[in-house]
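Each chain, written out:
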Amino acid sequence: NTNSTDISPTHRYTMPGKFIVTLTSTSSLNNCPASDTSEITVIGKPVSSFTASATSGCVPLLINFTNNSSGQSALNYLWDFNDGTSFSFAKDTSHIFYKPGNYQVRLTVYDQFNCFSDTSIFNILVHDLPTSNFRSNKSDFCLGHDTIFLFNESLDAISYIWNNGKNNFFTKDINFVPDTFGKLNIELIVENVFQCKDTTEISLNIKPSPISKFDLDKNSGCEDLEVHFLNESNYGAFFIWNFGDQT
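So, here is what we can say about the structure in this document. Please read these numbers as outputs of a predicted model, since none were measured by experiment.

**As for the packing of aromatic side chains**
Turning to step 1, where the next piece is worked out: In total, this model carries 14 aromatic pairs according to the counting rule given.
Turning to step 2, where the next piece is worked out: A centroid spacing of 5.6 Å and a plane angle of 40 degrees characterise the contact between Phe65 and Trp79, whose relative ring orientation is tilted. Of this pair, Phe65 sits in strand β5 (residues 61–67) while Trp79 sits in strand β6 (residues 75–80); the two residues are 14 residues apart in sequence, bridging distant segments of the chain. Summarising the burial analysis for this pair, Phe65 and Trp79 share the class buried.
Turning to step 3, where the next piece is worked out: With centroids separated by 6.4 Å and ring planes inclined at 5 degrees, the aromatic side chains of Trp241 and Phe243 adopt a geometry described as stacked.

Printed below as a string of structure tokens:
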């Protein structure tokens, strides 16, 4: 409570709230008093505050922002994500960061009379992805005959998961012999130190190999032995017999 005896004083209100101002006048003629009152409302400064659903992550990173700002009047909001995209004016908002970097997200809060504003800052760290890439020693393989060699050429990766449809492998490079013919899809999932992942896939062609098999009518006998051989092979088109006697 402060008082003044000035005829027309000026007073600064440094706290928010409602204040009753009373002017009491006293007559110098007969010392009779008279009073007048008026109410003054002082709007307090808003306080900007918000939380984020995550402080870091991998691109593209979706963050949900929750506004915890306070003030004594209706508030207006301005979100600046510091990544070159447009502002948001919603109370709560979401944003996707598409590029790696350290972003200072700012929330500026204004009261409805634009008397005051307050700004809070939250750092969001966005990590880049590794690059999954590999090559094969060739694209066409013969079933039961050829070995598939896969050479890892990934970038910024520290762990690897290979999948050939039946098995998983965890070494940098792998090799295996296919056990079925047809189209074979190979997938490589890589992960970096920030647990960000990338995936790539290639298709290989596994060609059916012939099955070589034969039967014979006898396997022993006297000199000048004549043996009849029955070819029971599958998928073969051309055959070469070696009888083992250099004939």
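**What to know about the sheet that holds strand β17 (residues 197–207)**
Turning to step 1, where the next piece is worked out: Strand order in the open sheet formed by 5 strands is β11-β17-β16-β13-β14, and the pairing between neighbours is mixed. Of all strands in the sheet, those bounded by a partner on one side alone are β11 (140–142) and β14 (168–169).
Turning to step 2, where the next piece is worked out: One ladder, built from 3 bridges, connects β11 with β17; its direction is parallel. When the sheet's bridge partners are listed, Phe141 is paired in β17 with Ile206.

**Quick notes on the environment of Gly244**
Turning to step 1, where the next piece is worked out: Its place among the elements puts Gly244 in the segment after β19 (229–231).
Turning to step 2, where the next piece is worked out: Taking the C-alpha atoms as reference, Gly244 lies 51 Å from Ile189; in sequence the two are 55 residues apart.

**So, the nonpolar core**
Turning to step 1, where the next piece is worked out: Of all hydrophobic cores here, the largest spans 16 residues; its most connected members are Phe65, Trp79, Phe97, Val105, Ile124 and Val126.
Turning to step 2, where the next piece is worked out: If you list the elements that add at least two residues to this core, you get β5, β6, β8 (101–111) and β9 (117–127).
Turning to step 3, where the next piece is worked out: Excluding residues that lie within four positions of it along the chain, Trp79 makes contacts with Phe50, Phe65, Asn67, Phe87, Ser88, Ala90, Lys91, Thr93, Val105, Arg106 and Leu107.
Turning to step 4, where the next piece is worked out: Ranked by size, the runner-up nonpolar core spans 15 residues in total, among them Phe141, Trp162, Leu184 and Leu204.

**What about the sheet that holds strand β3 (residues 50–52)?**
Turning to step 1, where the next piece is worked out: Read across the open sheet, the 3 strands follow the order β3-β5-β7; overall the sheet is antiparallel. Sheet topology places β3 and β7 (93–97) at the edges, where each strand pairs with a single neighbour. Along the sheet, successive strands turn relative to each other by an average axial angle of 25 degrees, direction set aside.
Turning to step 2, where the next piece is worked out: Taken together, the 5 bridges between β5 and β7 define a ladder with antiparallel strand orientation. The residue of β7 that forms the bridge with Asn64 is Ser94.

**Re a nonpolar patch on the surface**
Turning to step 1, where the next piece is worked out: A surface patch of nonpolar side chains, amounting to about 510 Å² of accessible area, comprises Phe214, Leu216, Phe239, Trp241 and Phe243.
Turning to step 2, where the next piece is worked out: Tracing the chain through its elements places Leu216 in strand β18 (residues 214–216).

**Examining the side chain of Asp111**
Turning to step 1, where the next piece is worked out: By the secondary structure assignment, Asp111 is in strand β8.
Turning to step 2, where the next piece is worked out: No salt bridge forms around the buried Asp111; measuring N to O, its nearest opposite-charge neighbour Lys45 is 9.8 Å away.
Turning to step 3, where the next piece is worked out: For Asp111, the side chain forms a polar contact with the main-chain nitrogen of Asn114, separated by 2.8 Å.
Turning to step 4, where the next piece is worked out: In terms of polar contacts, Asp111 uses its side chain to reach the backbone amide nitrogen of Phe116, at 2.7 Å.
Turning to step 5, where the next piece is worked out: Discounting residues that sit within four places of it in the chain, Asp111 has contacts with Ile43, Pro46, Ser73, Ala74, Leu75, Asn76 and Phe116.

**Overview of the environment of Asn242**
Turning to step 1, where the next piece is worked out: Here Asn242 shows up in the segment after β19.
Turning to step 2, where the next piece is worked out: Judged by its relative accessible area of 69%, Asn242 falls in the exposed class.
Turning to step 3, where the next piece is worked out: Sequence-wise, Asn242 and Phe176 are 66 residues apart; in three dimensions their C-alpha atoms are separated by 31 Å.
Turning to step 4, where the next piece is worked out: A distance of 3.0 Å separates a polar side-chain atom of Asn242 from the backbone nitrogen of Gly244.

Rules of the game
- Residues numbered from 1 in each chain as written.
- Predicted model: local features only at pLDDT ≥ 70, side-chain atom pairs only at ≥ 80, totals over all residues.
- Heavy atoms only, no water.
- Phe/Tyr/Trp six-rings, centres within 6.5 Å; stacked < 30°, edge-to-face > 60°.
- Helix = DSSP H or I, 4+ residues; strand = E, 2+ residues; numbered from the N terminus.
- Buried < 20%, exposed > 50% of the residue type's maximum accessible area, 1.4 Å probe, protein only.
- Pairing = 2+ DSSP bridges.
- Core = buried A, V, L, I, M, F, W, Y, C linked by side-chain atoms within 4.5 Å.
- Contact = heavy atoms within 4.5 Å.
- Axes fitted to C-alpha atoms, helices over the stretch in contact; angles between N-to-C directions.
- Patch = residues over 30% accessible without salt bridge, like charges linked within 9 Å, V, L, I, M, F, W, Y side chains within 5 Å.
- Areas by Shrake-Rupley, 256 points an atom, 1.4 Å probe, with all protein chains shown as cover.
- Salt bridge = Lys/Arg side-chain N within 4 Å of Asp/Glu carboxyl O.
- Lys, Arg positive; Asp, Glu negative; His and termini not counted.
- Polar contact = N/O pair within 3.5 Å; in protein donor to acceptor, adjacent residues only side chain to side chain.

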